[in-house]
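Coordinate inspection notes
For reference, the chains in residue letters:
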Amino acid sequence: MNRFRIGWVAILLALPTAIRADEWWAWTTLDLWKDPPWSAGLFLGNRLDFDDGAYVQIASPRLKRQMLPWLDLGLGLSVLSIENTTTDIRYLQLRPELEVNPKFAPTPDLRLEWRNRLEMRLNEGEDFTTNRTRHRLQLSYTLPQPLGPLTRLFISNEWLIDLHRGQWSENRLVPIGVTLKTSTSTDLDFFYMVLSHHKTSDWQSESVAGTYFHMRF
């Protein structure tokens, strides 16, 4: 069984490099405190665009409260470092956030989550003029019996709307994602994303390979 688990981990660790991706994203969530109905944690992220040279780092403390069995509310305060490695232009962004997140479990193994977030973005040296909303639907299926370290499959789609332009500006489609149980207190997601941006008159898409590490204290 140990060899089987190691084989699965090796294969899945190789997926991000095996997939031809235009961007690489690495996310981490640390669940630091829980006292129901409250919980708090820290989200960390790195995002690298291989073609355009954009490199984004984010740190975001988050606070959540379960209002109902099917509804969570959340607050976040994200700080981003946004850099273009080809031009060496770099600036900071401050982003207060508010979330309203319904969640449903049609069956014991199926879970549907709908994350709705308002982001108020303040770029360094500018005013709060680039606010947006984000809406992500995610459907996940937990395997009744784990397949080695593999415990879950998921798909999702997130659409982002620029409020200052009144326009659907970005779409993030994850047609496949998997979750591995790496220890009693940690999980690791691998996902492939089709990232689409609405330019002046059309949509342009690129591919993203990503990981998402979850740790519970």
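None of the values given here were measured: they were computed from a predicted structure.

Comments concerning the pairing of strand S8 (residues 132-147)
Moving residue by residue along a regular strand, the side chains alternate between the two faces of the sheet. Pairing of strand S6 (residues 110-119) with S8 involves ten bridges; the strand directions are antiparallel. Bridging across to S8, Glu119 finds its partner in Arg132. Bridge count for S8 against strand S9 (residues 150-162) is twelve bridges, and the pairing is antiparallel. Paired with Arg132 across the bridge in S9 is Asp162. Counting the residues in the hairpin turn of S8 and S9 gives two residues, including Gly148, whose phi is positive at 65°.

Focus: the environment of Gln138
With respect to the helices and strands, the residue Gln138 is situated in strand S8. Along the backbone, Gln138 and Tyr55 are 83 residues apart, and their C-alpha atoms lie at a distance of 26 Å.

Some thoughts on the nonpolar core
Trp25, Phe154, Val174, Phe191, Met193, Leu195 and Val208 form the largest nonpolar core, which has seven residues in total. Broken down by element, this core gets its largest block of residues, three residues, from strand S11 (residues 186-198). Contact partners of Met193, with chain neighbours within four places excluded, come to Trp25, Trp27, Arg172, Leu173, Val174, Pro175, Glu206, Ser207 and Val208.

Considerations on the environment of Gly76
Mapped onto the elements, Gly76 comes out in strand S4 (residues 71-84). The exposure class assigned to Gly76 is buried, which follows from its relative accessible area of 12%. Sequence spacing of Gly76 and Leu98 is 22 residues, and the spatial spacing of their C-alpha atoms is 6.5 Å. Other than its neighbours up to four places away in sequence, Gly76 contacts Pro61, Arg62, Arg95, Pro96 and Glu97.

A closer look at the pattern of salt bridges
Taken as a whole and assessed by the stated rule, the structure comprises 21 salt bridges. The salt bridge partner of Glu158 is Arg134, with a shortest N-O separation of 2.9 Å. Of this pair, Glu158 sits in strand S9 while Arg134 is found in strand S8, placing the two residues 24 residues apart along the sequence. For Arg134, a relative accessible area of 7% gives the class buried. For the salt bridge of Arg165 with Asp162, the shortest nitrogen-to-oxygen distance reads 2.8 Å. Residue Arg165 is classed as partly exposed on the basis of its relative accessible area, which comes to 46%. Given the relative accessible area of 6%, Asp162 is considered buried.

Here is what the cut-offs are and how they apply
Residues numbered from 1 in each chain as written. Predicted model: local features only at pLDDT ≥ 70, side-chain atom pairs only at ≥ 80, totals over all residues. Heavy atoms only, no water. Pairing = 2+ DSSP bridges. Helix = DSSP H or I, 4+ residues; strand = E, 2+ residues; numbered from the N terminus. Core = buried A, V, L, I, M, F, W, Y, C linked by side-chain atoms within 4.5 Å. Buried < 20%, exposed > 50% of the residue type's maximum accessible area, 1.4 Å probe, protein only. Contact = heavy atoms within 4.5 Å. Salt bridge = Lys/Arg side-chain N within 4 Å of Asp/Glu carboxyl O.

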